[in-house]
Amino acid sequence: MANEIIRTELKEKGVRQWELAAAIGISEQTMVRRMRFEMPDEVQLHLLEVIEKVAVEKSKVA
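Residues numbered from 1 in each chain as written. Predicted model: local features only at pLDDT ≥ 70, side-chain atom pairs only at ≥ 80, totals over all residues. Heavy atoms only, no water.

A positive phi angle, near 55°, is found at Asn3, a position not held by glycine. Examined against the element boundaries, Asn3 turns out to sit in the segment before helix H1 (4-13). (Helix = DSSP H or I, 4+ residues; strand = E, 2+ residues; numbered from the N terminus.)

And the structure:
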């Protein structure tokens, strides 16, 4: 499956794909389409950073 590290991190951090999409300024549908094919490493690293930020924000609210 493509982008396995992103999928795993989303699951472990409790972040939904739509939350990640909103954080980077794209639609949920666009995020789903991008997840279908392996993204370049630099893009994956950026998304991992964003996932961490979203997870921290969610923990502050909860």
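If charged atoms from side chains of opposite charge come close, those side chains can pair. Taken as a whole and judged by the stated rule, the model has four salt bridges. The salt bridge involving Glu19 is made with Lys58; its shortest N-O contact spans 3.2 Å. Taken as a pair, Glu19 in helix H2 (residues 17-24) and Lys58 in helix H4 (residues 41-61) lie far apart in primary sequence, 39 residues in all. Overall, the relative accessible area of 15% leaves Glu19 in the buried class. Relative accessible area serves as the criterion here: at 32%, Lys58 is assigned to the partly exposed category. A salt bridge links Lys60 to Glu57; the nearest nitrogen and oxygen atoms lie 3.7 Å apart. Note that Lys60 and Glu57 are positioned in helix H4 at a spacing of three residues, about one turn of the helix. On the accessibility criterion, Glu57 (45% relative accessible area) is partly exposed. (Salt bridge = Lys/Arg side-chain N within 4 Å of Asp/Glu carboxyl O. Buried < 20%, exposed > 50% of the residue type's maximum accessible area, 1.4 Å probe, protein only.)

We now examine the nonpolar core. Among the nonpolar cores identified, the biggest contains 14 residues, and Ile6, Leu10, Val15, Leu20, Met31, Leu47 and Ile51 are the most heavily contacted of them. Put simply, the parts of the chain that give this core at least two residues each are H1, H2, helix H3 (28-35) and H4. For Leu10, the contacting residues outside a window of four places in its chain are Val15, Arg16, Gln17, Leu20 and Ile51. (Core = buried A, V, L, I, M, F, W, Y, C linked by side-chain atoms within 4.5 Å. Contact = heavy atoms within 4.5 Å.)

Here the focus is H2. For the α-helix, the turn length of 3.6 residues means that residues three or four positions removed from each other point alike. Here H2 has its buried residues at Glu19, Leu20 and Ala21. Buried positions along H2 lie against H1, H3 and H4. In the segment just after H2, Gly25 is the residue with positive phi, at about 80°.

Angle between the axes and distance between the axes: these two values describe a pair of packed helices. The contact between H2 and H4 brings their axes to 10 Å, and the two run at 105°. As the angle between them shows, H2 and H4 are arranged roughly perpendicular. Residues Glu19, Leu20, Ala23 and Ile24 of H2 pack against His46, Leu47, Val50, Ile51, Val54 and Lys58 of H4. Here the contact of H2 with H4 is composed, by residue class, of seven nonpolar, one polar and two charged. (Axes fitted to C-alpha atoms, helices over the stretch in contact; angles between N-to-C directions. Parallel < 35°, antiparallel > 145°, perpendicular 65-115°, else oblique. Nonpolar A, V, L, I, M, F, W, Y, C, P; charged D, E, K, R; others polar.)

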